[in-house]
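The lines below spell out each chain.
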Amino acid sequence: METMMNKQRVVHVSTKQPSYVVCVLGTEISLDIKSSMPRGATSFEAHGTGGLQVYVTYDPRHLPKPEGSERWLLDADTEVIVSLKALSSAVNDNKVRVSYYDQTGRTPIAKAWVYITCIALSLDADTSRTGTIQNYATNKNKWTWGPDGEGAVLLVNCDRDGPSYGDVDHTYPYVRSHADLQDLSPVILNINSPAGIFDNHKVILHISMFDAAKVRVFHAAENTSVSHYENILGSDKLSYTVQPTDGRGQHIFYVEGLAFPDRDFNGLVSLNATLQEQTSSTSPATPVFMDTVVFHVAPWLMTPNTQRPLEIFVCSIDKGINSNEKFLEAIKLLARKANCKLTICPEVENRGDRWIQDEMEFGYVEAPHQSFPVVFDSPRNRGLKEFPFKKILGPDFGYVTREPKNGRVSSLDSFGNLDVSPPVSVKGRDYSLGRILIGSSFPGSSNRKMTKAVRDFLYAQKVQAPVELYADWLTVGHVDEFLSFVPAPGKKGFRLLLASPLACLKLFEEKQKEGYGNAALFEGLKRVGKITLNEILTDRNLRQDSKYVQSCIDWNRSILKRELGLTERDIIDIPQLFTLEGSTATALFPDMVNMLVLGKHLGIPKPYGPIIHSQCCLEVKVRSLLEPLGLSCTFIDDFFSYHVLSGEIHCGTNVLRESFSFHWWNIHL
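Residues numbered from 1 in each chain as written. Predicted model: local features only at pLDDT ≥ 70, side-chain atom pairs only at ≥ 80, totals over all residues. Heavy atoms only, no water.

Within an unreviewed UniProt entry, the label attached to the chain reads Protein-arginine deiminase, and the organism entered is Laticauda laticaudata. Under the Function (unreviewed entry) heading, UniProt states for the chain: "Catalyzes the deimination of arginine residues of proteins." Among the UniProt annotations of the chain, the heading Catalytic activity (unreviewed entry) holds the following wording: "L-arginyl-[protein] + H2O = L-citrullyl-[protein] + NH4(+)". (UniProt positions renumbered as here; feature names shortened; annotations may be inferred.)

**Student:** With reference to specific residues and values, describe helix 2 (residues 325-337).
**Tutor:** Three or four residues apart is the spacing at which side chains of an α-helix point the same way, because the helix has 3.6 residues per turn. End to end, helix 2 covers 19 Å across 13 residues, agreeing with the expected 18 Å (1.5 Å per residue, within 8%). Taken together, the buried positions of helix 2 are Phe 327, Leu 328, Ile 331, Leu 334 and Ala 335. Seen end-on, helix 2 carries its buried residues on one side only, within an arc spanning 120°. Set apart from the buried face of helix 2 by more than 90 degrees, the exposed residues are Glu 325, Lys 326, Leu 333 and Arg 336. Looking at the buried residues of helix 2, the elements they touch are strand 20 (309-315), strand 21 (341-345), strand 37 (596-598), strand 38 (601-605), strand 41 (632-636) and strand 42 (653-657). Count one or two residues on from helix 2 and you reach Asn 339, which has phi positive near 55°. (Helix = DSSP H or I, 4+ residues; strand = E, 2+ residues; numbered from the N terminus. Expected span 1.5 Å × (residues − 1). Buried < 20%, exposed > 50% of the residue type's maximum accessible area, 1.4 Å probe, protein only. Arc of directions from axis to C-beta. Contact = heavy atoms within 4.5 Å.)

**Student:** Tell me what's going on with a nonpolar patch on the surface, and back it up with residues and numbers.
**Tutor:** Together, Met 209, Phe 210 and Leu 238 give the surface a local cluster of nonpolar side chains, amounting to about 360 Å² of exposed area. Mapped onto the fold, Met 209 is located in the loop between strand 12 (201-206) and strand 13 (215-219). For Met 209, a relative accessible area of 60% corresponds to the exposed category. (Patch = residues over 30% accessible without salt bridge, like charges linked within 9 Å, V, L, I, M, F, W, Y side chains within 5 Å. Areas by Shrake-Rupley, 256 points an atom, 1.4 Å probe, with all protein chains shown as cover. Salt bridge = Lys/Arg side-chain N within 4 Å of Asp/Glu carboxyl O.)

**Student:** Which residues make up unusual backbone geometry, and what values go with them?
**Tutor:** With a phi close to 60°, Asn 92 is a non-glycine residue in the positive phi region. With respect to the element layout, Asn 92 can be found in the loop between strand 7 (79-84) and strand 8 (94-101). Look at Asn 92 and you get partly exposed, because its relative accessible area is 27%. Backbone geometry places His 613, a non-glycine residue, at a positive phi of 55°. With respect to the secondary-structure elements, His 613 resides in the loop between strand 39 (611-612) and strand 40 (615-616).

In structure tokens form, the structure reads like this:
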């Protein structure tokens, strides 16, 4: 049995009557031999029985060790320590004798006896993060990061394993089912002592009032179904007396997380077991030993484009001029190519809201014993408002949301404005789960920002440390309008795609020089006026707009290079033009970086660029940039179904992706 970190207990000795003490294996006793020493005593000896190790600590600068004798001067620098080596087989089976001597020193002038019962008591959880509980483990009262770190993990029980019409599981103060139990973290209270100890001792399980709203504990009773497990600790119960056994036993508890890390919660909660002694029926019990397990609540984690796609979500809008029927057919074909499940949200559920990327973001939570996806519901609350809660939340599929206190949201609160990079390494620091990207406004401006409740939540998750970009230059204001990540060979495993007016104008100038100045954008599109290359390149306003937009994207390019540790080799410029409407920009033609990434299969908005040699020159250029990376480009017509409504393919789709194989607790923070 491994001993716990040494904890000391002070025991006062008396020459008038014996002292009786119960101590926990792995702890030490400091004997106070001076406060009641007999008059005239100048030295002492201390001896213990076989299950104990008795030694004296002293300061050699002031007090030499006695030679040829076990007798010590009663000096202020001496301290008698008793270390417990083995469990007691009976109450009071270990003894320490302290003998006091006067200056003559031949025979003791008095003796003090201490009777010691050594028991084992340990509160144990999966502190090694292996999926198993080690009994009588050590170093449980601190939580440390990294592959060599220690500390247990708690999941927020935010899925719904109960009836489909209910709320998330943690809103109920009982275990809803056996599946619900799997989302809780087991804890074992191990006790090994001689019978009779609990006549005047008891064990209390307790949490602090500060943790009470974050955690709930159930007691696993014998011979009963999980729905009858007793809720012993929580917001209205801070302590629980464990029923005594005959001295040996394991008490099993299950701990449930109720809250994610947030602005006012660092994610750490503690569960304590305290052994208390009742010295008399008239005085309160006093603590003699406490064991603590510290848990870290698992953060909500996002998955980047480079993770394997599992399921695509898209809305069906079948009425009117902006019907997306043809678009859906193209997405079905792409899903089949990528071998990916497709879920279509019907109009009765989306209520005419096609922007499913803006409504929610898929992520997941993970503990060593359990992992499940969790949808983060944005506060935008339009037609799809009910969809994440009513249709995504379910068994082993969690739900979380954050709403601003004042109820006010802007376009920047839609989750097209929330992305995450693939794993990166920056100046020697590994972001093994990538970094969250959110769009904000220019430094110093008081323009639109993502609401504080959402930003605080994202920052509090810590392990995907957010990077704020400048997105407010766009009319809609989402980061997915100017960037995307695609998988690619090489050490980094990805490329960053950035929209580039400069690259677009350069391409158009090349084509003009080659004699194709009369080739036009939007060729073959009904109800849309064509614009020739000559007209584009002589349009002063468009050139001025492009210069401004390029400067905004360049600002973000610098941030992304610095914060993600990227070089120019990691970035691909995708030709794209924007026009200013007032002081903000929208894409002139379908925005190609706003794409759907399904492994090597890309669904890219069909740009309707100038046709040269029977091919769209924008498509040819993008293929030449991406196909050498092993990517397959499928250009999908979203012009009337999404583009003219200020969005594209990424805005109108959402993808549940495979979670990381890297465990978040192994990050060095």
